[in-house]
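Chains, contacts and geometry: an overview
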Amino acid sequence: MLTPDEINELTNFAGTLADTAAKVTLSHFRSGLSVDNKRGEFTFDPVTAADRDAEAAIRELIAKAYPTHGIYGEEHGRIDGTSDFYWAIDPIDGTRSFISGVPLWGTLIALNDGTRPVIGMMDQPYTGERFIGRPDGSELVSRERRVKLKTSNCVSLDDALLGNTDPAMFRKDNERTAFREISSKVKLRRFGGDCYFYALVAAGTLDLVIESSLQPYDIQAMIPIIENAGGIVTDWAGGDPQMGGNVIAAATPELHKAALAILSQAL
């Protein structure tokens, strides 16, 4: 188990990684940079030089500061270390937003102790917002202030504000059916948020995020942020979400249970 001093050191280091990535990403944001298509699960799966170069810069710093730690990144794959610790990183989560000039993307950085992610950071350098989750709580650090994060007290689907990046991510009929059923019950639906929507669950302005087809580096940073703000993150069976797949993030146990009762039927 990490000591409080180690948590502080590693959280500060994650901030250094985010600062380094920001120098790369901001230089390309709204610049008209070229876009490649990775042709992944979706028809259009974009990647840019900003993605690749930001991750390379992060990897270089980790290798120097913590050479025993592994690294699992979206653009350059996984390297196992000699310790249990590894960093799960997504230099630009929300590349579609990034290439569209929409500031609903972020740099995701998580430290996993070999069991679960213990420190998570979502950095949005254009808006100057940094969401941080660690064992002693979650906070939003902006240019003006630091604010402790707390999820909402929403307990029912009827009152819930639901976020999702794109309903097209639900590739199976039963997944689409389950999502439509929940969508028909909630108070409000918003789309296109990527990692930013998960951060807003921690901040208490959204109540629920339901997604599918996630990778480990898509979700690991968000788990400590949401959980240490009082929320719940699981897969659709109520299990460990850290390896991605079908994921639900909810503000309260009651809301999580209500949504899970529907989502679990899709499994």
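Residues numbered from 1 in each chain as written. Predicted model: local features only at pLDDT ≥ 70, side-chain atom pairs only at ≥ 80, totals over all residues. Heavy atoms only, no water.

**Some words on the overall build of the protein chain**
Helix and strand counts for the protein chain come out as eight helices and 15 strands. For the protein chain, whose C-alpha radius of gyration is 17 Å, the value lies close to the compact-globule estimate of 18 Å for 267 residues. By principal-axis analysis of the C-alpha atoms, the protein chain measures approximately 50 × 45 × 40 Å. Counting the 267 residues in the protein chain, one finds 55% classified as buried. A separation of at least 24 residues holds for 61% of the contacts in the protein chain among residues at least 6 apart in sequence. Here the protein chain has roughly 11600 Å² of accessible surface; of this, 50% comes from carbon and sulfur atoms. (Helix = DSSP H or I, 4+ residues; strand = E, 2+ residues; numbered from the N terminus. Rg over C-alpha atoms; globule rule 2.2 N^0.38 Å. Buried < 20%, exposed > 50% of the residue type's maximum accessible area, 1.4 Å probe, protein only. Contact = heavy atoms within 4.5 Å. Areas by Shrake-Rupley, 256 points an atom, 1.4 Å probe, with all protein chains shown as cover.)

**Things to note about the pattern of salt bridges**
Scanning the entire structure with this criterion turns up ten salt bridges. The salt bridge partner of glutamate 60 is lysine 64, with a shortest N-O separation of 3.3 Å. Note that glutamate 60 and lysine 64 are positioned in helix H2 (residues 49-65) at a spacing of four residues, about one turn of the helix. Through salt bridges that share partners, Asp19, Asp123 and Arg130 make up one connected network. (Salt bridge = Lys/Arg side-chain N within 4 Å of Asp/Glu carboxyl O.)

**Focus: the sheet that holds strand S14 (residues 232-235)**
Ordered by their spatial adjacency, five strands build an open sheet running S12-S11-S13-S15-S14, and the pairing between neighbours is mixed. Across the chains shown, the open sheet's two edge strands, defined by having one partner strand only, are strand S12 (188-191) and S14. For this sheet the average axis-to-axis angle between neighbouring strands, irrespective of direction, equals 20°. Contacts between helix H8 (residues 253-263) and the sheet are confined to strand S13 (208-214), S14 and strand S15 (245-250), with S15 contributing the most and set at about 150° to the helix. (Pairing = 2+ DSSP bridges. Axes fitted to C-alpha atoms, helices over the stretch in contact; angles between N-to-C directions.)

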